[in-house]
Amino acid sequence: METMTSWPAGDPYLLLSNARELAHRVRREQRATWFPLLLLAALTLASVPVVRYGGHHLDCRAVAGAMSCRVYSDAEFVYWPVALVLAYVAIAAFYLRRSRARGLGTRVRPYAIAGIVIAVALTGAALLELSDPAAGQNLLGLHAAGLPGRLATPEAAIGLALLVLARAERNRPLLLLTIGYLAAILVPVTFAGIPDGIRSAAWYALPAVVPGTMLLLGGVGFALAQRPLRPVAS
Amino acid sequence: MTGHPANELDDTVHQRVRLGILTIAHEARRVEFSYLRDSLELTAGNLSQHLGVLESAGLISVEKGYAGKRARTWVALTKAGEAALAEEITQLKLLISQIERTAISAGRGAQRADGPAADGPALGLQGGASCFP
């Protein structure tokens, strides 16, 4: 833990700047941004084999005179809600344990609650959508079209919850990373131009590998930036 | 009441250690006694005195408990403490802006009397001079 080097007497400049310095120091010591990013990166990358080998349904119906089809994965319906809820519980427990060891409270609760609520809402919306024959898009899976469809993916749910963490931690670098991440998520993924031989693999992997890699790199970056400073040996 | 920001300062809060305690407790939600002691470089006795003043004023709540076999004391801000901290910060900012306005107008007056001013900081108190006796 760092300590104050000097204390002012009554100068408002110094009182205010020292209060700011203390506030920033507490925020720095509360943050463990690398942990949720690395955990969520692992979940995202682990979803690739789940999607690939989890079995799929192709459900086509005639809606208003036209055929409307959707593809969804049974395994994804189980994997993402369970994985996200467990991840947010693990993140909250990690933050609490870490900050207690340092003698501080934590700001993780709004993030964990928002993450769980978004995950549950996403699953509910997907189930509702699947039960509605008029709907033509899969809300849970990777194959929905349009902005609402891309927002209603597990990867986007992770990004939306990260916005809450950035706000709670007053963490500007995390906010910038999350905005970049969400921008990447919301860009439509097309498979035109991809050779037939690898199109299937790309269809399964690409939507998860891009956000997973972003989370992984962000997590490594924050782990390096937030690592405790070691005293220089004299 | 003159309206000068210095008159609006609360003596309980407008004190370097107690402002530090309130700031840390505000940011941390809850802070342990040992963290405060180490961060503010105080002795346990000195910190206890300041905590007593803040607790008597109703600005903090102190909770004693155990973490395993270790006794721990946790400090948290009350609503009155949150309000007092916000008020202190507001008054400090007002005071600073008032000092800067005074310094700028004094600088202009000196310029008029002595001609062009020498190069240097526009704000008279940037070197850290105290505005309180």
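Refer to the preceding data block for the structure.
Residues numbered from 1 in each chain as written. Chains lettered and ligands numbered in written order. Predicted model: local features only at pLDDT ≥ 70, side-chain atom pairs only at ≥ 80, totals over all residues. Heavy atoms only, no water.

Trainee: Before we go on, may I ask you to explain a nonpolar patch on the surface in this structure?
Mentor: Residue and element names in this part refer to chain A. A surface patch of nonpolar side chains, about 370 Å² in accessible area, is lined by Leu 45, Val 209, Leu 216, Val 220 and Leu 224. With respect to the helices and strands, the residue Val 209 is situated in helix α8 (residues 196–225). The partly exposed category is assigned to Val 209, whose relative accessible area is 34%. (Patch = residues over 30% accessible without salt bridge, like charges linked within 9 Å, V, L, I, M, F, W, Y side chains within 5 Å. Areas by Shrake-Rupley, 256 points an atom, 1.4 Å probe, with all protein chains shown as cover. Salt bridge = Lys/Arg side-chain N within 4 Å of Asp/Glu carboxyl O. Helix = DSSP H or I, 4+ residues; strand = E, 2+ residues; numbered from the N terminus. Buried < 20%, exposed > 50% of the residue type's maximum accessible area, 1.4 Å probe, protein only.)

Trainee: Mind showing me how you'd approach helix α3 (residues 74–102) of chain A here?
Mentor: An α-helix turns once every 3.6 residues. As a result, residues three or four positions apart point the same way. For α3(A), spanning 29 residues, the distance from its first C-alpha to its last is 43 Å, which sits close to the expected 42 Å at 1.5 Å a residue. In the segment just after α3(A), A:Gly103 is the residue with positive phi, at about 85°. (Expected span 1.5 Å × (residues − 1).)

Trainee: Help me out: how do you make sense of the packing of helix α1 (residues 12–30) of chain A against helix α1 (residues 16–28) of chain B in this one?
Mentor: Helix packing geometry: the angle between the two helix axes and the distance between the axes. Orientation of α1(A) relative to α1(B), taken along the N-to-C sense of each, is 30°, at an axis distance of 9 Å. Both α1(A) and α1(B) take part in a crossing whose hand is right-handed. Two secondary-structure elements touch here, α1(A) through A:Leu15, A:Ala19, A:Leu22, A:Ala23, A:Val26, A:Arg27 and A:Gln30 and α1(B) through B:Arg16, B:Leu19, B:Gly20, B:Thr23, B:Ile24, B:Glu27 and B:Ala28. Tallied by class, residues from the contact of α1(A) with α1(B) come to 8 nonpolar, 3 polar and 3 charged. (Axes fitted to C-alpha atoms, helices over the stretch in contact; angles between N-to-C directions. Left-handed = near helix turned anticlockwise from the far one by under 90°. Contact = heavy atoms within 4.5 Å. Nonpolar A, V, L, I, M, F, W, Y, C, P; charged D, E, K, R; others polar.)

Trainee: What is the right way to look at α1(B) in this model?
Mentor: Residues and elements named next belong to chain B. Helix length check: α1, at 13 residues, gives a terminal C-alpha distance of 18 Å against a target of 18 Å (1.5 Å per residue), a fit within 8%. Of all 13 residues in α1, 11 are buried; the element is thus mostly enclosed. Every buried residue belonging to α1 is among Val 17, Arg 18, Leu 19, Gly 20, Ile 21, Leu 22, Thr 23, Ile 24, Ala 25, Glu 27 and Ala 28, and all of these are buried. The opening residue of α1, the one whose side-chain oxygen lies 2.9 Å from the backbone nitrogen of Val 17, is Gln 15. (Polar contact = N/O pair within 3.5 Å; in protein donor to acceptor, adjacent residues only side chain to side chain.)

Trainee: What should I look at first to understand the pattern of salt bridges in this one?
Mentor: Close approach of charged atoms lets side chains of opposite charge pair. The final tally for this structure, using the stated rule, is 8 salt bridges over all chains. Taking the shortest distance from any N to any O, the salt bridge between B:Arg30 and B:Glu63 comes out at 3.4 Å. With a gap of 33 residues between them, B:Arg30 in the loop between α1 and β1 (31–32) and B:Glu63 in strand β2 (residues 60–67) connect regions that are remote in the sequence. Classification of B:Arg30 as partly exposed rests on a relative accessible area of 26%. The shortest N-O distance in the salt bridge between B:Asp38 and B:Arg37 comes to 3.4 Å. With a relative accessible area of 32%, B:Asp38 lands in the partly exposed category. We classify B:Arg37 as partly exposed; its relative accessible area is 30%. Residues joined in a network through salt bridges with shared partners are A:Arg27, A:Arg107, A:Arg170 and B:Glu27.

Trainee: Explain the pairing of β2(B) here, please?
Mentor: In the case of a regular strand, side chains alternate between the two sheet surfaces. All names here are of chain B. Of the pairings in the sheet, the one linking β2 to strand β3 (residues 70–77) comprises 8 bridges and is antiparallel in character. Each bridged residue has a counterpart across the sheet, and for Ser 61 the counterpart in β3 is Ala 76. The hairpin formed by β2 and β3 contains 2 residues between the paired strands, and Gly 68 there has a positive phi angle of roughly 70°. (Pairing = 2+ DSSP bridges.)

Trainee: Which parts of the structure should I look at to understand unusual backbone geometry?
Mentor: The residue A:Arg170 is not glycine, and still its phi comes out positive at about 50°. Tracing the backbone through its elements, the reader meets A:Arg170 in the loop between α6 (154–169) and α7 (172–186). Here B:Glu41, not a glycine, exhibits a phi torsion of approximately 55°, which is positive. Along the chain, B:Glu41 falls in the loop between α2 (33–39) and α3 (44–56). For B:Glu41, a relative accessible area of 46% translates into the label partly exposed.

Trainee: Whenever I open this one, the environment of A:Leu96 confuses me. Can you help?
Mentor: With respect to the helices, strands and loops of the structure, A:Leu96 is situated in helix α3. Each C-alpha atom, one on A:Leu96 and one on A:Arg107, is 9.0 Å from the other, the two residues being 11 residues apart in sequence.

Trainee: When you look at the environment of A:Ala161 in this model, what are you seeing that I'm missing?
Mentor: Residue and element names in this part refer to chain A. Relative to the assigned elements, Ala 161 resides in helix α6. Residue Ala 161 is classed as buried on the basis of its relative accessible area of 0%. For the pair Ala 161 and Ala 112, spaced 49 residues apart in sequence, the C-alpha separation works out to 8.1 Å. For Ala 161, the contacting residues outside a window of four places in its chain are Tyr 88, Tyr 111, Gly 115 and Ile 118.

Trainee: Explain the side chain of B:His50 here, please?
Mentor: Residue and element names in this part refer to chain B. Tracing the backbone shows His 50 in helix α3. On the basis of relative accessibility, which here comes to 10%, the residue His 50 falls in the buried class. With sequence-adjacent residues up to four places away left out, His 50 is seen in contact with Gln 15, Val 17, Arg 18 and Ile 21.

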